[in-house]
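Residue-level structural notes
Each chain, letter by letter, is given below.
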Amino acid sequence: MSAKIVVGSRESRLAVVQSMTVVDFLRSTQPGIDVELLTMKTTGDKILDKTLDKVGGKGLFVKELDVALRERRADVTVHSLKDMPMEVPEDLPILCCSRREDPRDALVLREGMAELPEHPSIGTSSLRRAIQLKALFPDCEIRPVRGNLQTRLRKLDEGQFDALVLAAAGMKRMGLEARVSRIFSVDEILPAAGQGIMAVQGRADFDRALLAGYADADAWRAAMAERAFVHELNGGCTSPVCAHAVLDSEGIRLIGLYWEESDGSWRKGSVEGPYEEAKQLGIALAQTLRDGREA
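Residues numbered from 1 in each chain as written. Predicted model: local features only at pLDDT ≥ 70, side-chain atom pairs only at ≥ 80, totals over all residues. Heavy atoms only, no water.

**Overview of the packing of aromatic side chains**
- What the rule picks out here adds up to two aromatic pairs.
- When the centroid spacing of 5.7 Å and the interplanar angle of 55° are considered together, the rings of Phe25 and Tyr214 count as tilted. Taken as a pair, Phe25 in helix 1 (residues 13-29) and Tyr214 in the loop between strand 10 (198-202) and helix 8 (217-232) lie far apart in primary sequence, 189 residues in all.
- According to the relative accessible area criterion, Tyr214 is buried, its value standing at 12%.
- Arranged with centres 6.4 Å apart and planes meeting at 70°, the rings of Phe137 and Phe184 form a pair that is edge-to-face. Here Phe137 is found in the loop between helix 5 (127-136) and strand 7 (141-143), whereas its partner Phe184 is found in the loop between strand 9 (180-183) and strand 10, with 47 residues between them in sequence. (Phe/Tyr/Trp six-rings, centres within 6.5 Å; stacked < 30°, edge-to-face > 60°. Helix = DSSP H or I, 4+ residues; strand = E, 2+ residues; numbered from the N terminus. Buried < 20%, exposed > 50% of the residue type's maximum accessible area, 1.4 Å probe, protein only.)

What follows is the structure, given as structure tokens:
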């Protein structure tokens, strides 16, 4: 191992806060190794006037960072797992997952508002959130919003929306809990696969032992189950397909949302099983819901 490790990150404030958890961990556990942070703007960060499904999907947030890994300008990169494509290159595997932060979605009102008005305008570019919000607030108007967390909040407070729906994990990591007016339960809005989990990606030859104390086994199991469900249904940034795993001493309970593209209908189901079958559980639940069987 080189005497230097470069951690690659998107340049947004939230991405840097998340990536610094890896930098700080490596600095504290590997005092003989110089650890640096390399930030860059990805294509997904640059294109803000179109929704992701119009410009190429979640892969736009990792493309430049993947190149940095392959060119050995970075040794590992840090991502919000929910923003990673379901297909990960064999030469750039996910090395580990962080301990999971709150996986739920949060409602953030415009400054000065105490509650949602009648016929509220809610900002989100996520079809997953949009269809579930419509079930909760049938009279709401869904408006697309792009940009990093600070940009979205600025647009909110400028009056472009009455509220936003954002990942609770990002709000908490940025110390913005006070802006959150409501946390939606998993039953109200099922989170995106991997929401609240950070993924460390790197070249296949990276020494994973260096991340042993950072890696979280429960988050890894949950991620495998959730991503297997979405992958089986060919879900991506244009699809509301999503899943959430709950782990306890008995094993895994996986809840999934299936969306029928032909008519826009959707349904949920769940499955339970042992930890070691996380991936198989995701595939099985996806097949069950796709076939219209009881889950």
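**Remarks on the side chain of Arg227**
- Counting through the fold element by element, Arg227 comes out in helix 8.
- Here Arg227 sits buried without a salt bridge, and the closest side chain of opposite charge, Glu87, lies 8.0 Å off (N-O distance).
- Excluding anything up to four places from it in sequence, Arg227 contacts Leu81, Met84, Pro85, Met86, Val88, Ile94 and Ala193. (Lys, Arg positive; Asp, Glu negative; His and termini not counted. Salt bridge = Lys/Arg side-chain N within 4 Å of Asp/Glu carboxyl O. Contact = heavy atoms within 4.5 Å.)

**Regarding the pattern of salt bridges**
- For the coordinates displayed, the defined rule picks out 24 salt bridges.
- Arg203 serves as the salt-bridge partner of Asp205, at 3.9 Å between the closest nitrogen and oxygen.
- Residue Asp205 is classed as exposed on the basis of its relative accessible area, which comes to 55%.
- Exposure remark for Arg203: the relative accessible area of 10% places this residue in the buried category.

**Quick look at the confidence of the model for the protein chain**
- In the predicted model, the protein chain carries a mean pLDDT of 92, and 92% of its residues have values of at least 70.
- Predicted confidence is poor over residues 47-52, with pLDDT under 50, and the contacts of this stretch with residues over four places away or in other chains come to 13 contacts. (pLDDT = per-residue confidence, 0-100.)

**Some remarks on the packing of helix 8 against helix 9 (residues 278-290)**
- Contact geometry for helix 8 and helix 9: axes closest at 7 Å, N-to-C directions at 30°. Once helix 8 is placed against helix 9, the crossing between them reads as right-handed. Each of Arg221, Met224, Ala225, Ala228, Phe229 and Glu232 in helix 8 lies in contact with helix 9, whose residues at this interface are Ala278, Lys279, Gly282, Ile283, Leu285, Ala286, Gln287, Leu289 and Arg290. (Axes fitted to C-alpha atoms, helices over the stretch in contact; angles between N-to-C directions. Left-handed = near helix turned anticlockwise from the far one by under 90°.)

**Thoughts on the sheet that holds strand 3 (residues 76-80)**
- Taking strand neighbours across the sheet as the criterion, the five strands line up as 2-1-3-10-4 in an open arrangement whose pairing is mixed. Across the chains shown, the open sheet's two edge strands, defined by having one partner strand only, are strand 2 (34-40) and strand 4 (94-97). Pairwise comparison of adjacent strand axes, ignoring direction, gives a mean angle of 25° for this sheet.
- Note: strand 4 against strand 10, three bridges, orientation antiparallel. Following the sheet pairing, Cys97 is matched in strand 10 by Ala199.
- Packing against the sheet, helix 4 (residues 63-70) makes contact with strand 1 (4-10), strand 2, strand 3 and strand 10, and its axis sits at approximately 160° to strand 3. (Pairing = 2+ DSSP bridges.)

**Observations regarding the state of the cysteines**
- The full count for this structure, using the stated rule, is zero disulfides.
- There is no disulfide at Cys96, and the cysteine sulfur nearest it, in Cys97, is 6.8 Å away.
- Looking at Cys96, the relative accessible area reads 3%, which means it is buried. (Disulfide = S-S within 2.5 Å.)

**Structural notes on helix 5**
- Residues of helix 5 that are buried include every one of Arg128, Arg129, Ala130, Ile131, Gln132 and Leu133, and no others.
- The N-terminus of helix 5 is capped by Ser126, whose side-chain oxygen sits 3.3 Å from the backbone nitrogen of Arg128. (Polar contact = N/O pair within 3.5 Å; in protein donor to acceptor, adjacent residues only side chain to side chain.)

**Focus on the pairing of strand 13 (residues 265-273)**
- Bridge count between strand 12 (residues 251-260) and strand 13: nine bridges; the pairing is antiparallel. Bridged to Leu257 within strand 13 is Lys268.
- Between the end of strand 12 and the start of strand 13, which pair antiparallel, lie four residues, with Gly264 showing a positive phi angle near 75°.

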